[in-house]
Every structure is written in C-alpha cells, then in structure tokens.
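# Topology and contacts: notes
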Amino acid sequence: MLRKLLLLMVMTIAVPGMVEAQKKSSATAKNKRPMNVLFLVSDDMRAELNVYGSQIAKTPNLDRLANDGVRFERAYCQYPLCGPSRASILSGRRPTTSGLYGNREWLGASYPDWVSLPKYFQQQGYVTLRSGKIFHGGIDDTEAWDQGGEERLWSNPIDTTPPSAVSASEFWAKYIEGPPKVTPGTEGYSQSDRWAAVEGDSAMNLGDTKVADRAIEYIQESKKGGKPFFIACGFSKPHSPLVAPKEFFDLYPADKIVLPPDFASLPSVPVGFPEGAIRKRNADLFVGRSASPEEAKDMTRAYLACVSYADWNIGRVLAELDRQGLRENTIIVFWSDHGYQLGEKGKWSKAGSLWEQGARVPFIILDPRAKGNGKSSPRIVELLDIYPTLADLCGLPEPEGMEGVSLSPLLNDPVKPSDRPAYTVWNEHGKGITGVCVRTERWRYAEFFGIGAGAYLTDPINDPHELVNLIHDPQYKEVVEKMHSLATSHVAGKTELTRPVSGK
C-alpha cells in the first residue's frame, strides 16, 4: 500500500513536469524550423518611397513592410547597371573582384566554382523558386532553380583585358552620332524612351502582374510541400518603358509633379565638377533628345506610377504569405538593383550615375525574430551584404568568398556603431574603371579617371542636391585626403589610363 502511495505521489509530481518539458521541447523544435526566404526585387527603383521621405510617392505596402522590419536608410549598390549590380549581389563579390562591368557577361563562364545565392540555398536543401527578373535578363543561373529557371542566352566570359586609354577615335565616336533632338516627341528613338497608362486587357496582361501571380502560386505550393523555400520574385518596374495600369497614373495629378532644383533639359555637369561626373547622353529616357519641363513632368509621373504598380504587386505577394500563415517563419528581403536619376543634372537613367540618386537604393529586411523590427538603421550598408546576411539568418554555414558582411547585428540593434563605407564604381568605355564613389555617413566623395578625370566632395547633410564641390575648400583638406585614399585603394590598378584626346 505504501509503495502505491509513493508511486502516485511521484506521478503527481512528474507528469506536470513531463508535460511542461514536452511543451518546451515542442516550442524549441518549432523555433528551430528552417527559416524560409522571400526575396523581393525591383528594377531601377530609387529610394522614392513614402517611408524614405518622398513627399509624393504612394507606396503603402512597402511602407508597411519597412515599418514592420528594419529599413536601411543608407544602402548603396556596387554598380549602377542591372547586370553587374545583380551579379555582385548574387555572387557576394565586388565588381572590382569579378571584373564584370557589362550586361552580356556570365559569371559562371569565368568563375565556375563561384556559387550563386540561390544555388547555395539549393545546396543547403531549400526549394528554390524563381519568378521574374533576378539575374539580368538572358543571364540566369538556370540550374540554381528548382522551378522557374530560364534558358541562358548570354554566356560570354568576363573581359580580362588590362586597363588602357581611350583613343581619339573611340572618344569622338559617341559624339558624331548627331546632336540631340530638341523638339517634343520620341519618333525614331529608343523603345524604352516612352510611357503609357494602359487599361483593360493590356493592363491585365502586364508582365509584372504575371510575375506576382506566379510567386503567389509558389507560396501556395510551398505551404503544401512543407520544405524550406527560397522564393525569388523580381519585378521589372519601374524600369523603362514606363508602362503601368492607368489607375496608378491617377494617383499622381500632373499639376502636383515638381521638378528637382537641378533639373536640366540635357545632361549637364554642374559648375566646378569634373567632366566625368555626367555621361553626355542618356541611356533609358530622353535618349538623344532634350527634355522640356512639361515632358519631364509627364515622365516623372509615369515613373511614380510604375513605382506604385510595383508596390501593389509586392502587396499581393505579401498578402498571400499571410494567408498561408507563413509570415512568422519567413525572412522577407526587398531591394532594388540601383537607383535612378529623374532629370537631376539632366540625367534620366542609372547608367554611370555615381550621384546619390543613382547609387542609393531602398533596402528592407524583415526577420520576425529580429529585436530591431520597427526601426530604421542610419548605418551605411551595401547590397553586397545580402548574401552573407541571409546565410547567417538562416543558420547556414558561412559561404566562401563573401566580400560583404552579415547585417544580423544591425537587425537586432539598428543604430549599432559602424564605420564601413560603401563603394560604387563605373566603367564607361570598357577600358578600366572610370569612376568610384565612396559614401560614409557624413560625406560623399567621387573620383574619376581617364577621360573626364577629377574628383568631387559633397556634403549630403547641408547640400542634399550635390550642387557644391568642396574638393578645393581648404577646410576640408583632411577629409579629401582620407576619402581620396579610400577611393584610390579600392580601384588600384583597375582604372582607365589617361591619354590626351585631340582631333578626330
């Protein structure tokens, strides 16, 4: 009898303890579930979001994502052109390391041992699913995707020709194509240089709508599959041509569009700045033609409409993630491959822009476990940091060859001190790097090489439009020396050589 009483007492004490232990074990197992990744990308989107301080942009879904996660106020691309920027992000290497500066070269042709970001997650047991533009068009890492990979059309190896100087004939070739058109209209010019507000079937069949539809299907399938997923969803807007449903144009009354204070009808180098700071011809919009103030406002309105269209599609994808109950176990990343200039200094493109509008990008990470959620980080970060950050957050082994750093510390403490600068480079003639920008929290410094050599220092706090070059101001001598050292060290041995250009 005594033995039975003792056994009953032990069970009375043990069972609650066992139940509690089982609860803790279940909770621990739940917390150790692999984190999913939702990888959201926009093409050519500068930091023109309401949450980034835009006075006019209508971007409720990205604003909400930024307010739920950590918004990086000062994030910068490593190259202001789609292909090289994406190659850098998805390989974890700088353009100055790979030598990839164009839109027709494939990293795998020159570096077959480098493992791309989606390939790495695939190797770690993730289901990798692609919808839309992730790598540059025609240069997909096809085998890295379990679904959605496209045939690679360009497999050119990287040009490894040593830096050289631009010849006189090469220099003048760009300027004998004819003077810019100064009358309104785009007749006979680039197909990208246009805008359209579409309705009906044309609106329903836009590419980005289909990209979101496919991503939504992936989320639904992943919920059923139960395996950790890496879903990459890349939207082409606001890349030109600026085509979006009319309802998004209606968000922006034409009379509310304001041109920037440094607007110019043609690309113009500000007084006191080096010639290399602005390309002579635009690449995307107002190609080979001038921009009247009226046309410029129409184009700006169209760009904003495309931003809102991208925001709407992103909202649809996020809503499906919530509907499937996957938000709490999914890391969401949003980024754009580079910024864009909308008539500042007469430039309507990203190509070659080492100015703040061209190099700075919107960048948001929402990890539901992060302590810093709901805050913004003022620290300088690079898109190069995405690869190591995602590997770290998902608890994966550290990938080889990473030149960025994990941003995990900033996700938990967004104001944690950091003195890392950001570097953005440009190669104008294919002869070597012609420009490098160094961005710190306090200063912007750019230096140019070869044709148009020179440098500028601007104060982003007191001169946000970058109208005054402080390079020759004696009071900034030490700043200039430090920034010059950072810039030249970053591109040492890789810059275009200087040769006097004369004649034709």
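Before reading further, recall that the structure is shown in the block above.
Computed from a prediction, not measured in an experiment: that's the story for all the values here.

Oppositely charged side chains are able to pair whenever their charged atoms sit close together. Using the criterion set out here, one finds 28 salt bridges in the structure. In this structure, D44 and K350 form a salt bridge, with 3.2 Å as the shortest nitrogen-oxygen distance. One end of the pair, D44, is in the loop between β1 (36–42) and α2 (60–68); the other, K350, is in the loop between β7 (330–336) and α12 (356–359), and 306 residues separate them in sequence. On the accessibility criterion, D44 (0% relative accessible area) is buried. Note that E344 is salt-bridged to R46, the shortest N-O span being 3.0 Å. Here E344, found in the loop between β7 and α12, pairs with R46, found in the loop between β1 and α2; they are 298 residues apart in sequence, far enough to count as distant. A relative accessible area of 5% means that E344 is categorised as buried. Using a relative accessible area of 11% as the deciding quantity, one classes R46 as buried.

The next point concerns the packing of aromatic side chains. Scanning all chains against the criterion turns up 23 aromatic pairs. Ring centres 5.4 Å apart and planes at 70° place the aromatic pair W443 and Y476 in the edge-to-face group. Placement of the pair is W443 in the loop between β12 (435–439) and β13 (444–448) and Y476 in the loop between β14 (454–458) and α15 (477–490), with a sequence separation of 33 residues. For the pair W443 and Y476, a shared accessibility class is recorded, and that class is buried. Grouped by ring-pair contacts, the aromatic residues F39, Y120, F121, Y126, W145, F230, W335 and Y387 constitute a single cluster. Between the NZ or CZ atom of R71 and the centre of the ring of Y52, over which it lies, the distance is 5.1 Å. The ring of W312 carries R316 above its face, with NZ or CZ at 5.0 Å from the centroid.

Counting through the fold element by element, D208 comes out in helix α9 (residues 207–225). One buried charged residue, D208, forms no salt bridge at all, with the nearest opposite charge on K237 at 6.3 Å. Among the polar contacts made by the side chain of D208, one reaches the main-chain amide nitrogen of K237 at a distance of 3.0 Å.

L38, L40, L65, V317, I332, F334 and W348 are the most contacted members of the largest nonpolar core, which totals 54 residues. Element by element, the count of residues in this core is highest for helix α11 (residues 293–323), at 13 residues. Among residues more than four places away in sequence, those in contact with I332 are L38, L40, L65, L318, L321, R327, I364, I365 and L366. If you look at the next biggest cluster of nonpolar residues, it comprises 41 residues, including V41, F121, Y126 and L390.

As a further point, take the packing of α9 against α11. Remark: α9 packs on α11, axes separated minimally by 9 Å, with the N-to-C direction vectors making an angle of 10°. One finds that α9 runs roughly parallel with respect to α11. The segment α9 lies against α11, with D208, T209, A212, D213, A215, I216, I219 and Q220 engaging Y309, W312, N313, R316, V317, E320 and L321. Residue classes in the contact of α9 with α11 are distributed as eight nonpolar, three polar and four charged.

Moving on, we come to the environment of R444. As for its placement among the helices and strands, R444 is situated in strand β13. Residues R444 and T458, 14 residues apart in the sequence, show an inter-C-alpha distance of 5.3 Å. Residues within four places of R444 in sequence aside, it is in contact with L354, W355, E356, A359, C437, V438, R439, Y456, L457, T458, P460 and E466. From its side chain, R444 meets the backbone oxygen of L354 in a polar contact 2.6 Å long.

Bringing the environment of I231 into the picture now. Looking at where I231 falls in the secondary structure, it is placed in strand β5 (residues 229–235). Its relative accessible area of 0% is what places I231 among the buried residues. For I231 and R130, which are 101 residues apart along the polypeptide, the C-alpha to C-alpha distance reads 6.1 Å.

Attention shifts here to the side chain of D193. Tracing the backbone shows D193 in the loop between α7 (168–173) and β4 (195–198). At 3.1 Å, the side chain of D193 forms a polar contact with the backbone nitrogen of V287. A distance of 2.7 Å separates the side chain of D193 from the side chain of R289, its partner in a polar contact.

Our next topic: α11. For α11, with 31 residues, the first-to-last C-alpha span of 45 Å sits near the 45 Å given by 1.5 Å per residue. For α11, the tally of buried residues reaches 23 of 31 residues, placing the bulk of the element in the interior. One or two residues past the end of α11 sits G325, with phi positive at roughly 65°.

Moving on: unusual backbone geometry. Omega for the peptide link from K237 to P238 comes to 15°, which places this bond in the cis form. Tracing the backbone through its elements, the reader meets P238 in the loop between β5 and β6 (242–245). Cis peptide bonds are those with omega within 30 degrees of zero, and the linkage from S240 to P241 qualifies with 0°. You can see P241 is positioned in the loop between β5 and β6. Of note, F286 is a non-glycine position whose phi angle comes to about 50°, a positive value.

Right, let's talk about the sheet that holds β14 for a bit. Two orientations exist for strands paired in a sheet by backbone hydrogen bonds: parallel and antiparallel. Spatial ordering of the open sheet is given by β11-β12-β13-β14, a layout of four strands whose pairing is antiparallel. Bordering the open sheet on either side are β11 (422–426) and β14, each of which pairs with just one other strand. Between one strand axis and the next, the sheet turns by 10° as a mean value, whatever way the strands run. Examined bridge by bridge, β13 and β14 share five bridges and lie antiparallel to one another. Directly across from F448, in β14, lies its bridge partner G454.

Rules used in this analysis
Residues numbered from 1 in each chain as written. Predicted model: local features only at pLDDT ≥ 70, side-chain atom pairs only at ≥ 80, totals over all residues. Heavy atoms only, no water. Salt bridge = Lys/Arg side-chain N within 4 Å of Asp/Glu carboxyl O. Helix = DSSP H or I, 4+ residues; strand = E, 2+ residues; numbered from the N terminus. Buried < 20%, exposed > 50% of the residue type's maximum accessible area, 1.4 Å probe, protein only. Phe/Tyr/Trp six-rings, centres within 6.5 Å; stacked < 30°, edge-to-face > 60°. Lys NZ or Arg CZ within 6 Å of the ring centre and 35° of its normal. Lys, Arg positive; Asp, Glu negative; His and termini not counted. Polar contact = N/O pair within 3.5 Å; in protein donor to acceptor, adjacent residues only side chain to side chain. Core = buried A, V, L, I, M, F, W, Y, C linked by side-chain atoms within 4.5 Å. Contact = heavy atoms within 4.5 Å. Axes fitted to C-alpha atoms, helices over the stretch in contact; angles between N-to-C directions. Parallel < 35°, antiparallel > 145°, perpendicular 65-115°, else oblique. Nonpolar A, V, L, I, M, F, W, Y, C, P; charged D, E, K, R; others polar. Expected span 1.5 Å × (residues − 1). Pairing = 2+ DSSP bridges.

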